[in-house]
Amino acid sequence: MNYPIDYFPPKIWKWENENGGTFASTNRPTAGSTHDKTLPIGQHPFQLYSQGTPNGIKVTVMFEELLEMGHSDAEYDAWLISIGKGEQFGSDFVNINPNSKIPALLDNSGDEPKRVFESGAILLYLAEKFNSFLPTHGDQRTEVLNWLFWQMSSAPYLGGGFGHFYVYAPEKIQYAIDRYSMEVKRQLDVLDRELSKKEFITGDEYSIADISIWPWYGRLVLGKQYGAADFLQVGDYHNVLRWAKNLSSRPAVMRGERINRKSEIPNQYLLERHSKTDFEALDFDTY
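On a predicted model such as this, the values are computed, not experimentally measured, just so you know.

**A short note on unusual backbone geometry**
For step 1, the next point in the chain: Residue proline 103 is bonded to the preceding isoleucine 102 through a cis peptide linkage, with omega at 0°.
For step 2, the next point in the chain: With respect to the helices and strands, proline 103 occurs in the loop between α2 (91–96) and β3 (104–107).
For step 3, the next point in the chain: In this structure, phenylalanine 133 is a non-glycine residue whose phi angle is positive, near 65°.
For step 4, the next point in the chain: Of note, phenylalanine 133 is situated in the loop between α3 (119–130) and α4 (138–168).
For step 5, the next point in the chain: For phenylalanine 133, a relative accessible area of 12% puts it in the buried group.
For step 6, the next point in the chain: In this structure, tyrosine 226 takes a positive phi of about 70° despite not being glycine.
For step 7, the next point in the chain: In this structure, tyrosine 226 sits in the loop between α6 (208–221) and α7 (238–248).
For step 8, the next point in the chain: A relative accessible area of 16% places tyrosine 226 in the buried class.

Okay, structure coming up:
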C-alpha cells in the first residue's frame with residue numbers, strides 16, 4: 001500500500017479494513033470478541049494465556065523465578081495465544097482480558113477464579129501473593145513501583161513506536177523512525193545513568209522492576225529485539241549491557257524467555273509449558 005506524501009487528515013477518520021503492515025489483519029478500532037473459543041485449562045493453580053513477546057516474557061520469567069525460590073504453589077500452565085492469528089479475540093480470552101492483549105492470567109488457587117490482566121498488574125499481583133521481589137513497605141517499595149510504572153509507560157515508545165515503524169510498518173517513514181529512535185535512546189540513557197550507581201534498577205535487590213524492564217530494554221541491547229542493536233548503538237550504554245547480561249544468565253530468565261514461542265530451529269522454544277520437565281528437551285545454547 002502506497003501512502004500519499006501530502007496526506008491531510010479528513011474531518012472524520014474512517015477505518016480501512018486493510019491498512020498494511022504486519023498486524024493489519026488483526027488491528028481494528030472496536031473491542032470485544034470476534035469468535036467463540038474455549039480456552040484450555042491445565043492442572044496447576046495458575047493458567048497463563050500468552051505469547052513470548054516482551055510483555056509475555058515478563059510473566060513467565062516471574063513464575064520461573066518464584067519456582068526457583070521454592071514457591072511450589074506457583075506452578076502454572078502456559079498456553080500459547082497466537083496474536084497474529086487473532087486468538088486474543090476469542091470469547092474466553094476476552095472474558096479474562098476485555099482489552100484483548102496478552103498476557104492474561106487466571107488464578108484458580110482460591111474459592112473462585114480471579115482474572116488478572118496487563119503484564120505489570122500480573123507482576124504486582126504475584127509479588128504480593130508470594131511476598132517476593134517487592135518490598136512490603138517503605139521507600140524501597142515505592143522505588144520498585146516507580147520503575148515498574150516507568151516501564152509500563154515507556155515501553156509503548158519502544159514497541160508500538162520504534163519497533164512498529166522500524167520493523168513492521170509497510171513503509172519506512174524517516175520522521176517516525178527518527179522520532180522514536182531519539183526517545184528510545186533517551187530511555188536507554190535514563191537506565192544507563194541509574195544503573196551506573198547500582199547492580200539492579202532499584203539498588204542491591206532484584207525485583208519485579210528488573211523483571212519488567214529486562215524483556216524490553218535488556219533484550220534490546222543484547223540484540224534480541226528488532227535487530228536494532230547496531231542502529232541504536234547500544235554499545236554506548238555500558239551499564240545497561242552489564243545489567244542485561246547479568247539477568248540473562250539467571251536460570252529462571254533463561255527458562256522464562258523460551259516459553260510460548262515458535263521456531264524453525266528444533267528444541268529452541270516451548271509452545272506450551274506445563275511442567276519443569278518440559279525444559280529438558282531444550283537446547284539452551286541456541287537462540
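**As for α7**
For step 1, the next point in the chain: Along α7, the residues that are buried comprise Val240, Leu241, Trp243, Ala244 and Leu247. Along the axis of α7, the buried residues cluster in a sector spanning 165°; they form a single face. Exposed positions of α7 whose direction lies more than 90 degrees from the buried face are His238 and Lys245.
For step 2, the next point in the chain: On its buried side, α7 packs onto α5 (174–195), α6 and α8 (251–256).

Cut-off values and rules
Residues numbered from 1 in each chain as written. Predicted model: local features only at pLDDT ≥ 70, side-chain atom pairs only at ≥ 80, totals over all residues. Heavy atoms only, no water. Helix = DSSP H or I, 4+ residues; strand = E, 2+ residues; numbered from the N terminus. Buried < 20%, exposed > 50% of the residue type's maximum accessible area, 1.4 Å probe, protein only. Arc of directions from axis to C-beta. Contact = heavy atoms within 4.5 Å.

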